[in-house]
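So you can see what is in the structure, the chains are spelled out below.
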Amino acid sequence: MKTTMGDLATPIPRRHWAKPLRGPTVKEMIPAQNAVVVSVVDDDESVRDSLPDLLRSFGFRAQAFTSGKAFLASNLGETHCVVLDIAMPGMSGPEVHAELKRLGRRMPVIFITAHGNPCLCDQLLQQGAAACLAKPFDPEVLIEAIRRATSGN
Amino acid sequence: MATPQVTHPTQAPVGSHHRLDVRNGSRGDVDDALLERELNAIAAIDGIPGLVAILAPDGAIETLNRQIVDYCGGGSELLQHWQSNDVIHPDDLRQTRETFQRAVSAGTPFQIEQRVRRHDGLYRWFDNRGVPVRAANGQVVRWYILLTDIDDRKRAETLLAGEKQLLELIASSAPLPQVLGALCQVVEKAASDCYCDIHPIDWSGPTIQFSIAPSLPESYTAPIAGTPLRGDLVPCGIAATENVQVISENFDTDPRWCASPVRAHVREHGLCAVWSTPICTKRGDVLGTLCIYQRQPARPLPLHQDIIARATHIASIAIERLRAEEALAKVRTELTHVSRVMSLGALAASIAHEVNQPLSGIVTNANTCLRMLAAAPPNIDGALETARRTIRDGNRASEVIVRLRALFQRKDFAADVVNVNQAACEVVALSAQDLGRRGITLVTDLDENLPEVFGDRVQLQQVILNLLLNAADALNAVDRASRRIVLSTTIQDDCVQLSVCDNGTGLSPEELTKVFDAFYTTKNDGMGIGLSVSQSIIERHQGRLWASTNADGGATFSFALPSQLF
C-alpha cells in the first residue's frame, strides 16, 4: 500500500481542491462598507499572504496578524470572525480563544491547523469553535464556515 | 580417656561377634587382673560418645565399641570389608582408602570426613580420626579410630555452600534451567539417596512448563514438559493447585494415582517415593513444584523437610526473579519498538506540518488566482501576484524535502571504529525477545574475521534494527512455525557486508525498485520512512544498501560498507 502525504497528515477525506468557480463581479470584489470583517491570525507567511486575498475575493474585509498577542492588541470590536492557526509560537490558537472568552468577546472562531489532529478538533468544537479545518483546506469550505458562523450577526 | 593397655594384638573373631569375648575361655591362662583390666577397657570404649574401632597395625579390626556395631547394624565381618562393601559411601570410598593406606604405611595419624551407612541404609557424615599407638621400640602396635557424627554440621555446610553458589548464579542472571539444575544438585548432595526434580508451572495451561532434574535421564524429564496440572495425573497437580505438600510414600501403589499414566513412567525409571512441594512467592502465588524421589518407599524426615523448605525458597527467588527479568526485557523491547515507531510518527507529523503550511498557501493562492481571472473584468495584477505566491510556496514545500534529507544525513556524525558483528549482536540481544514472542527463529551467521568499519555505531545499529524489524514484519503472513530470519556478515569485494534474510512474503520486481523511496511501504501500518532513512545512513558511510529476492521466497536486505583495512 502506498502511503501518501495526505495519509501522513490526517485521515481527511479527499476533496476537490480546484473546482470550477464562478468569478466574482467587481462589485462583489469591493467590500461593502458593512461587509463582514475577518481577522486571520497565523505565524505562517503563506497563509497571511494568501488567505486575506481569498477572503476579499469573496467580499469579506480581511486583516492578518502574525501572532495571537498582536491580534488581541487590535481593536477586537472590529472583527466579526477570526480565523486562528492552532500551533503558533507564543500564544497558541486555543489560548487566544480562551482569552477572547475571558474578555467576553463572543466572535466566532474558526481554527486552522497543519497538524490535522481530529481529536484536538473535536475538543475545540466542543469548547465552542465554529469550525476546525486541516490545512490545506478547500477555500469554499472555509468561506461556507465563515458565512454560517456570521449569519446570525 | 582410658586406653586399654593391651600389648599383644589379638585376632578378630569370625562370625557375628563384634569384639573379643574375653570371658569365653579362649585365653584361659589369662589371670583375673588382666581380665578385669580388659573388661574395664571395653566398658570404657563403650561409654565413649562416638564410634570406636581398634585396629591391628595392618588395619585389621580387633575391637569395636557398641555404638559402631549398633550404628552399622553389623560387627567386624561387615566392617572388615569396608573397602569392598558400601559401608563407606561410594563417593567417599576412594579418598578414604587412599588416606587410610597412606596413614598405615607411614604410621601417622589421619583425619577424614566421610559418609558411613547406617543400619537402615541412610548415610551420615562422620569425622573419622585415627591415631597409631607405638610400642617402646617405636613399632605401631594398634590403631585407635574414632568416628564422630558431624552429619548436621556437614549438611548445614553443604546447604550453605550450595545456597551461596545458587544465589551467585541467580544474581549473575544465569538461565533458569541452569539455576534450577544446580539447585537440584545441592538438594541431592544435602539429602543423600534422592533425586530432585523442579517443575516451573505455566499457568496459562495450566501445565508443567518443563522439568529440571540433572540426575534423572532425559527419557524421564522430557515427557513431563507440557503435562496438564491435574491432581489425578501427578502429585504436583495437587501440590500446585492447592498449595500443599503432597507425600506419596510409594507412588506405584498409591490409590490417588492408580489410573494415572504417569505411574508407569515413574515405575519404569525405578522411582518409588514421590514428595511434591509447592514453590511459592511470599504472596502465596505458586510458581512451580519441587519433587523429591526415592528409589524405595519413604516418608520425608525432618532433615528432608528442612532441605525442601530451603530449596523451595531459593527456587521461588530464582523463578520469580527470572520472570520479573523476562517481563522487564519485554517492556524494554516494547519501549524500544514504541520509541522507534513514535520517533517515526513524530517525524511524519513534523514533515506533514512543514509540508502542509506551504500546500495551504498554494491551494489558497491558486483559488484566489482563479477567482481573480474569472472576475469580470479579470483582476490580472492580483492574479499575477497570487500566481507568484503559488510558485514561492511550491518552492518552500520542496525545501522541506531538502531539509528532511539533510536531517537524515546528520551533521553530528559520531565517527569511530565499529565492529559490525558486535553491533549486530547488541541489536539481536535487544530484539531477541520480541522476535521470540512472534515465533521467529533468528539465526546469526557471523564471519569471525570481519574487519572493522569506520562510522557511527548507533546509526548503523538503527539500520540493522530497521532491517530486522522489517524482516519480522514480512513474516506476519507466514505460518508461525516456519518464521525464520538469518542475519549474516561476510567480507565481499573488500567490503563488510551484512545481510538480513527472511522467508516472508518477498518483494515483486516493481516493489524492489521502489522500497527505498521515502513514504513507500508495503505494510498496512508502515510509514515508508525506515528504509529511506536507512539508505541515507548507509550512503553517509560510503556504503550501499540494496534488496534482493530469495530463490525460495522472502527477501534479503544487505548493506556493504568499505572496510577500514582496505
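Structural data are supplied above this passage.
Residues numbered from 1 in each chain as written. Chains lettered and ligands numbered in written order. Predicted model: local features only at pLDDT ≥ 70, side-chain atom pairs only at ≥ 80, totals over all residues. Heavy atoms only, no water.

Topic: the overall build of chain A
Working step 1: The secondary structure content of chain A amounts to 7 helices and 5 strands.
Working step 2: Walking chain A from its N terminus toward its C terminus, one meets helices and strands in the order α-α-β-α-β-α-β-α-β-α-β-α.
Working step 3: By residue count, 48% of the 153 residues in chain A fall in the buried class.
Working step 4: Considering only residue pairs separated by 6 or more positions, chain A has 67% of its internal contacts joining residues 24 or more positions apart.
Working step 5: Summed over its atoms, the accessible surface of chain A is roughly 7600 Å², and 52% of this surface lies on carbon and sulfur atoms. (Helix = DSSP H or I, 4+ residues; strand = E, 2+ residues; numbered from the N terminus. Buried < 20%, exposed > 50% of the residue type's maximum accessible area, 1.4 Å probe, protein only. Contact = heavy atoms within 4.5 Å. Areas by Shrake-Rupley, 256 points an atom, 1.4 Å probe, with all protein chains shown as cover.)

Comments concerning the packing of helix H13 (residues 457–474) of chain B against helix H15 (residues 530–540) of chain B
Residue and element names in this part refer to chain B.
Working step 1: Two numbers describe how H13 lies on H15: the axes approach to 9 Å, and their chain directions differ by 145°. You can see that H13 and H15 cross each other, and the crossing is left-handed. Mapping the contact onto sequence places Gln459, Leu460, Gln462, Val463, Asn466, Leu467 and Asn470 in H13 and Gly530, Leu531, Ser534, Ile537 and Ile538 in H15.
Working step 2: A breakdown of the residues in the contact of H13 with H15 according to their chemical character gives 6 nonpolar, 6 polar and no charged. (Axes fitted to C-alpha atoms, helices over the stretch in contact; angles between N-to-C directions. Left-handed = near helix turned anticlockwise from the far one by under 90°. Nonpolar A, V, L, I, M, F, W, Y, C, P; charged D, E, K, R; others polar.)

Some thoughts on the sheet that holds strand E2 (residues 61–64) of chain B
The strands making up a sheet associate through backbone hydrogen bonding, with each pair oriented either parallel or antiparallel.
All names here are of chain B.
Working step 1: Pairing within the open sheet is antiparallel, and its 5 strands lie in the order E2-E1-E5-E4-E3. For this open sheet the edge positions go to E2 and strand E3 (110–117), each flanked by a neighbour on one side alone. Strand after strand, the sheet turns through a mean of 25° between neighbouring axes, direction not considered.
Working step 2: Inspection of the sheet shows strand E4 (residues 123–134) paired to strand E5 (residues 140–149) by 9 bridges, in the antiparallel sense. Residue pairing in the sheet places glycine 130 in a bridge with isoleucine 145 of E5.
Working step 3: Where helix H4 (residues 90–106) meets the sheet, its contacts fall on strand E1 (51–55), E3, E4 and E5, and the angle it forms with E3 comes to roughly 145°. (Pairing = 2+ DSSP bridges.)

What about a nonpolar patch on the surface?
All names here are of chain B.
Working step 1: Nonpolar side chains collect at one region of the surface, where Leu373, Ile380 and Leu384 lie side by side and expose about 260 Å² of accessible area between them.
Working step 2: Mapped onto the secondary structure, leucine 384 falls in helix H11 (residues 380–408).
Working step 3: Under the relative-accessibility criterion, leucine 384 is labelled partly exposed at 45%. (Patch = residues over 30% accessible without salt bridge, like charges linked within 9 Å, V, L, I, M, F, W, Y side chains within 5 Å. Salt bridge = Lys/Arg side-chain N within 4 Å of Asp/Glu carboxyl O.)

Section: the side chain of asparagine 65 of chain B
Residues and elements named next belong to chain B.
Working step 1: In this fold, asparagine 65 is placed in the loop between E2 and helix H2 (66–72).
Working step 2: A distance of 3.2 Å separates the side chain of asparagine 65 from the side chain of glutamine 67, its partner in a polar contact.
Working step 3: At a separation of 3.1 Å, a polar atom in the side chain of asparagine 65 contacts the main-chain amide nitrogen of isoleucine 68.
Working step 4: Filtering out sequence-adjacent residues up to four positions away, asparagine 65 remains in contact with Ile45, Asp46, Ile48, Gly50, Leu51 and Val52. (Polar contact = N/O pair within 3.5 Å; in protein donor to acceptor, adjacent residues only side chain to side chain.)

Some points on the packing of aromatic side chains
Residues and elements named next belong to chain B.
Working step 1: Counted according to the given criterion, the structure contains 7 aromatic pairs over all chains.
Working step 2: Seen from their ring centres, tyrosine 71 and phenylalanine 126 are 5.0 Å apart, and the 80° between their planes marks the pair as edge-to-face. Highlighted residues: tyrosine 71 in helix H2 and phenylalanine 126 in strand E4, separated in sequence by 55 residues.
Working step 3: The class of tyrosine 71 is buried, set by a relative accessible area of 11%.
Working step 4: Ring plane angle 35° and centroid distance 5.4 Å describe the contact between phenylalanine 251 and tryptophan 257, whose orientation is recorded as tilted. (Phe/Tyr/Trp six-rings, centres within 6.5 Å; stacked < 30°, edge-to-face > 60°.)

Some thoughts on the state of the cysteines
All names here are of chain A.
Working step 1: One pass over the structure, following the stated rule, counts 1 disulfide over all chains.
Working step 2: The disulfide partner of cysteine 121 is cysteine 132, and the S-S distance across this bridge is 2.4 Å. As the torsion about the S-S bond is roughly -50°, the cysteine 121-cysteine 132 disulfide counts as left-handed. Taken together, the residues cysteine 121 in helix H6 (residues 118–126) and cysteine 132 in strand E5 (residues 131–134) connect sequence positions 11 residues apart. The pair cysteine 121 / cysteine 132 is uniform in exposure class, with both members buried. (Disulfide = S-S within 2.5 Å.)

Points about the pattern of salt bridges
Residues and elements named next belong to chain B.
Working step 1: Under the criterion given, the structure shown has 35 salt bridges over all chains.
Working step 2: Here glutamate 163 makes a salt bridge to arginine 310, at a shortest N to O gap of 3.4 Å. Here arginine 310 lies in helix H10 (residues 302–374) and glutamate 163 lies in helix H5 (residues 151–171), a separation of 147 residues in the sequence.
Working step 3: For aspartate 306, the salt bridge is made with arginine 310, and the minimal N-O distance between the two is 3.7 Å. With aspartate 306 and arginine 310 both in helix H10 and 4 residues apart, the pair spans about one turn of that helix.

Focus on the pairing of strand E14 (residues 484–492) of chain B
All names here are of chain B.
Working step 1: Pairing between strand E12 (residues 441–445) and E14: 5 bridges, direction parallel. Across the sheet, the residue bridging to threonine 444 is leucine 487, located in E14.
Working step 2: Sheet topology note: the E14/strand E15 (residues 495–502) ladder contains 8 bridges and is antiparallel. Looking at the pairing, isoleucine 491 lines up with valine 496 of E15.
Working step 3: Between the end of E14 and the start of E15, which pair antiparallel, lie 2 residues, with aspartate 493 showing a positive phi angle near 50°.

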